Amino acid sequence: MKALVLDDIARSFGGLPAVDGVSLTAPAGRITGLIGPNGAGKTTVVNMITGLLKVTRGRILVGDEDVTEADAPMLARAGVARTFQNIRLIGDASVLDNVVAGFHRHEKVGTLANLLGLPSAVRERRELENKASALLERFGMTGLAKHPAGSLSYGHQRRIEMMRALAMDPAVLLLDEPVAGMNDTEAHSLADIFRSVAQQGVAILLIEHNMRFVMSLCQHIYVLASGQLIAEGDPDAVGQNPKVIEAYLGA
Amino acid sequence: MLMQQLLNGIVVGSVYGLFALGFTLIFGVNHIMNMAHGTIFMWGAFAGLYAVTLFDVPFPVAVLIGALGGGLVSVILDWTAFRPLRKQGAPEFSSIVSSIGASLILLSLAQQLTATRVMRFPFDIFPIVAFNFFGLRIQLLQLVIIAIVVLMVVGLLYYLYRTSFGRQIRAVAVSEHTSKLLGINPTAINFQVFFISGALAGIAGVLIGIVFNSVHFMMGEPLLLRAFVVIILGGLGSIPGALIAGLLIGIIQTLTVAYLSAGLADALVFSTLFLVLLVRPTGLFGGASAVARVTRR
Amino acid sequence: MMSFFNSYTPLLELALFNALLAFSQYVVLRAGVFSLGTAAFAALGAYAAAIMVTKLGMPAWLGLIAAVGLGTVAGALVAVPLARLRGVFQALATLALVQIVLSITLNWVDVTEGALGINSIPKTIGLFGMFCAVAVVTYLMSAMGSTSIGRAFDIIREDETVAVSLGISVPKHHMIAFILSGAIAGLAGGLHAYTSYSITPNEYGFNMLVMVLAMVVLGGRVSVWGPIVGAVVLTALPELLRGLQEYRTVVQGALLMLSIIFLPRGVADTLIGTLRRRRITLASTKAKAVTI
């Protein structure tokens with residue numbers, strides 16, 4: 001059970017601050033929302049947490065561990081998983097293979113054994129495929145296991161990304177606009193999955209543009225505008241905050 | 001003696017620079033590593049040579065026809081090898097492979113045409129006049145070559161930085177997407193870029209053909225390999241970098257051939273390339289100019 | 001039957017040699033590394049093997065170990081600095097490597113005999129030996145392809161950002177790819193030295209680089225069938241085009257252009273993809289029929 005803590009993080013591009021002093025806590029077992037109008041710096045925050053971008057100031061903590069200086073693979077191995085705003089799957093590979101890829105950080109068999117195709121490597125592969133199949137079943141996609149991921153609908157592809165992230169068995173899960181382009185039914189069925197994942201003790205940070213969806217799902221919400229936090233609190237308080245209303249309508 | 005070799009190095013190096021300039025222009029604007037650039041150089045030299053031997057044209061016309069020939073081949077290359085890939089949004093890997101294929105075709109056709117012969121410009125293509133300058137023997141041809149290179153570089157810089165076409169080219173180099181929104185026609189830009197690049201290679205082909213008194217179908221390959229070194233050293237996409245690095249490589253090579261051995265010259269040049277890539281992949285002058293920024297997407 | 005084999009033995013040996021080279025190129029391309037170093041690694045292997053036998057009087061099996069070892073070491077040494085370079089720069093650096101090795105083999109006459117090459121190497125490897133080598137490499141490649149390493153290679157090639165966010169270390173896998181590429185090419189070079197009686201520097205130059213690249217582009221970069229198909233086609237092509245000797249290079253160039261433009265994934269991978277899709281649609285229509 002680990003929480004994600006951002007302590008006054010900042011990042012600028014060529015002298016222009018994109019994110020300037022964001023502090024937030026996403027506790028384990030909860031879904032925490034991070035909302036804001038387009039260009040507020042949400043994706044920059046995600047990229048800093050996942051180590052794709054270095055912070056210019058501040059600290060990032062996963063549980064007690066300071067991961068500010070860690071690079072992306074190290075963070076992934078520390079248990080930070082993410083989905084991408086613009087879906088990024090291996091389109092030619094099957095759904096099952098895409099999900100199996102998520103288990104990378106749990107693979108134990110060594111390089112040489114994999115290269116030689118030793119029984120241990122074959123066994124591990126079969127185990128991972130079984131685990132992936134179990135995830136597919138949970139998401140209702142068993143029948144599509146062999147299909148190339150790129151040939152499926154938008155909603156299905158979002159689910160595959162979600163499964164791949166869950167395969168990492170993460171302590172912290174970052175969802176970057178996970179329901180963009182989905183209809184309400186699809187979004188709701190995903191919301192149920194998010195809740196059950198959080199109940200297992202994962203700290204979820206939900207980054208969304210869709211305010212209604214966040215309001216229905218999160219107990220605590222942070223609002224980002226022009227790279228700074230302008231409000232935080234429970235959905236009601238945030239929804240009535242004049243600054244938030246201005247930021248959304250004025251943008 | 002050293003000064004004499006230095007002068008030879010500068011002359012050859014400036015032509016290397018001219019050749020590399022066209023290569024780096026395409027890389028800066030289209031992000032393409034044009035592996036067929038050497039064969040365009042060779043076809044430019046052929047165009048100039050055939051103009052001289054068949055129609056007995058004088059030196060300036062031969063250079064002009066070399067430029068036209070190189071430009072034309074380069075534009076055809078763009079249409080056949082690169083445009084289909086651009087439409088697909090293919091990765092840079094594809095355009096390298098495609099240009100290698102195109103260079104094989106261009107090379108082989110030249111070989112058929114000339115029956116693998118080594119050809120020469122007629123002896124009287126350029127009058128042999130030399131000046132003595134503090135014991136240094138400077139040929140008129142060497143002066144003319146340096147003048148042509150300077151003229152072309154100034155012309156190119158003027159075109160890129162002082163005309164509206166040049167502004168459009170630079171806009172495409174920074175972002176093809178944005179420039180489309182600004183109403184810039186990428187087809188016209190690509191035509192210009194490939195023509196200019198090919199013309200520079202063609203001129204370099206005629207000049208090298210006259211300086212070394214030999215024109216043959218394989219003449220482009222060593223030059224292309226040298227151009228790699230030049231552009232890496234100068235920073236991919238950088239115009240001043242390409243020139244300075246071209247001079248440097250020309251001098252290093254001439255001096256090594258003169259004082260050590262021809263075999264060693266190659267080893268030295270390529271070891272330089274390898275080392276620069278390891279130590280400073282952006283080149284010695286990378287980032288010096290606006291065009292250079294394009295390379296680091 | 002025997003006479004068929006006898007007259008075609010050199011051609012079959014060449015096809016198997018090319019298949020090994022193609023595997024060396026395939027393994028880097030699959031991992032998203034744009035290395036053109038195969039010709040250099042093969043040259044190192046060939047010279048190591050030839051020198052071991054002709055100059056040091058060692059047995060051939062030790063020569064082969066030296067060939068693979070030298071290729072492996074060269075691959076590993078190159079991998080460290082090149083892992084941080086972008087694709088184009090990797091291509092240029094490895095191209096320079098090919099030229100450097102070529103210069104060394106041409107000019108270090110005391111050891112390499114210069115442009116004449118090393119002659120009268122005893123022929124100790126036959127068709128069967130070549131075939132075994134290809135079989136072993138094919139097995140290793142397919143074992144690698146279906147387990148963790150192959151999966152990581154595919155993800156790195158398709159999308160490096162996704163790879164790192166799944167915890168895949170790019171430098172580590174680029175290192176594995178370079179080492180495998182060096183080892184396989186070293187083996188290929190060593191075997192070539194022991195099958196062809198003589199080796200010369202220019203065999204391992206730009207022509208080989210282009211040919212090997214063409215084989216993998218034409219064949220495909222993902223399935224292990226890719227390099228095999230590519231090697232077979234490009235070895236057979238000159239034989240089929242014997243009447244058109246002068247136009248061989250033109251055909252090769254055109255093939256390279258056409259395949260990258262119209263079949264960018266290569267013959268084998270495109271075919272496998274089509275078959276897989278057809279099987280899926282077939283299966284789903286069957287499933288529908290059952291439910292009705």
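As the structure is a prediction and not an experimental result, all values here were calculated from the model.

Caption draft 1: Molecular detail of the UniProt feature "transmembrane region" (unreviewed entry) in chain B. Feature annotation in UniProt assigns "transmembrane region" (unreviewed entry) to the following positions: residues 6-29, 36-55, 61-81, 93-113, 143-161, 189-212, 224-252 and 258-279 of chain B. A helix fraction of 100% and a strand fraction of 0% characterise residues 61-81 of chain B, whose end C-alpha atoms lie 30 Å from each other.

Caption draft 2: Main features of the nonpolar core. Counting 190 residues, the largest nonpolar core has Met33(B), Phe228(B), Met141(C), Ile199(C) and Leu213(C) as the members making the most contacts within it. Not counting residues within four places of it along the chain, the set of residues in contact with Phe228(B) comprises Phe23(B), Met33(B), Met35(B), Leu273(B), Leu92(C) and Leu95(C). Membership of the second largest hydrophobic core comes to 62 residues, among which are Phe84(A), Ala165(A), Val214(A) and Val162(C).

Caption draft 3: Broad picture of the sheet that holds strand β5 (residues 65-66) of chain A. Residues and elements named next belong to chain A. Spatial ordering of the open sheet is given by β2-β1-β4-β5, a layout of 4 strands whose pairing is antiparallel. Across the chains shown, the open sheet's two edge strands, defined by having one partner strand only, are β2 (16-26) and β5. In this sheet, strand β4 (residues 57-62) lies alongside strand β1 (residues 4-13) in antiparallel orientation, the contact comprising 5 bridges. Paired with Leu6 across the bridge in β4 is Ile60. The strands touched by helix α1 (residues 42-49) are β1, β2 and β4; relative to β1, the strand with the most contacts, the crossing angle is about 115 degrees.

Caption draft 4: Main features of the arrangement of the chains. Ranked by contact count, the leading pair among the 2 pairs of chains in contact consists of chains B and C. Nothing in chain A touches chain B; the tightest C-alpha to C-alpha distance between them is still 14 Å.

Caption draft 5: Spotlight on the pattern of salt bridges. On inspection of all chains with the given rule, the structure shows 17 salt bridges over all chains. Arg59(A) is the partner of Asp66(A) in a salt bridge, and the nearest nitrogen-oxygen pair spans 3.9 Å. Among the ionic contacts, a cluster of salt bridges with common partners joins Arg30(C), Asp154(C), Arg157(C) and Glu158(C).

Caption draft 6: Structural view of the interface of chain C and chain B. On the side of chain B, 41 residues touch chain C, which itself brings 36 residues to the contact. Taken together, both faces of the contact between chain C and chain B bury some 3500 Å²; the carbon and sulfur share is 78%. Contact with chain B buries area across many residues of chain C, yet Leu92(C), Met257(C) and Ile261(C) alone supply 16% of it, more than any other trio. Summed over the shared surface of chain C and chain B, the result is 0 salt bridges. If you look at where chain C meets chain B, you find 1 residue pair in polar contact (both at pLDDT 80 or more). The set of elements that each furnish at least two residues to the side of chain C that touches chain B consists of α3 (60-82), α4 (87-107), α10 (206-219) and α12 (248-262) of chain C. Class assignment of the residues belonging to the side of chain C that touches chain B gives a composition of 25 nonpolar, 7 polar and 4 charged.

About the thresholds
Residues numbered from 1 in each chain as written. Chains lettered and ligands numbered in written order. Predicted model: local features only at pLDDT ≥ 70, side-chain atom pairs only at ≥ 80, totals over all residues. Heavy atoms only, no water. UniProt positions renumbered as here; feature names shortened; annotations may be inferred. Helix = DSSP H or I, 4+ residues; strand = E, 2+ residues; numbered from the N terminus. Core = buried A, V, L, I, M, F, W, Y, C linked by side-chain atoms within 4.5 Å. Buried < 20%, exposed > 50% of the residue type's maximum accessible area, 1.4 Å probe, protein only. Contact = heavy atoms within 4.5 Å. Pairing = 2+ DSSP bridges. Axes fitted to C-alpha atoms, helices over the stretch in contact; angles between N-to-C directions. Salt bridge = Lys/Arg side-chain N within 4 Å of Asp/Glu carboxyl O. Buried area = accessible area lost by both parts, 1.4 Å probe. Polar contact = N/O pair within 3.5 Å; in protein donor to acceptor, adjacent residues only side chain to side chain. Nonpolar A, V, L, I, M, F, W, Y, C, P; charged D, E, K, R; others polar.

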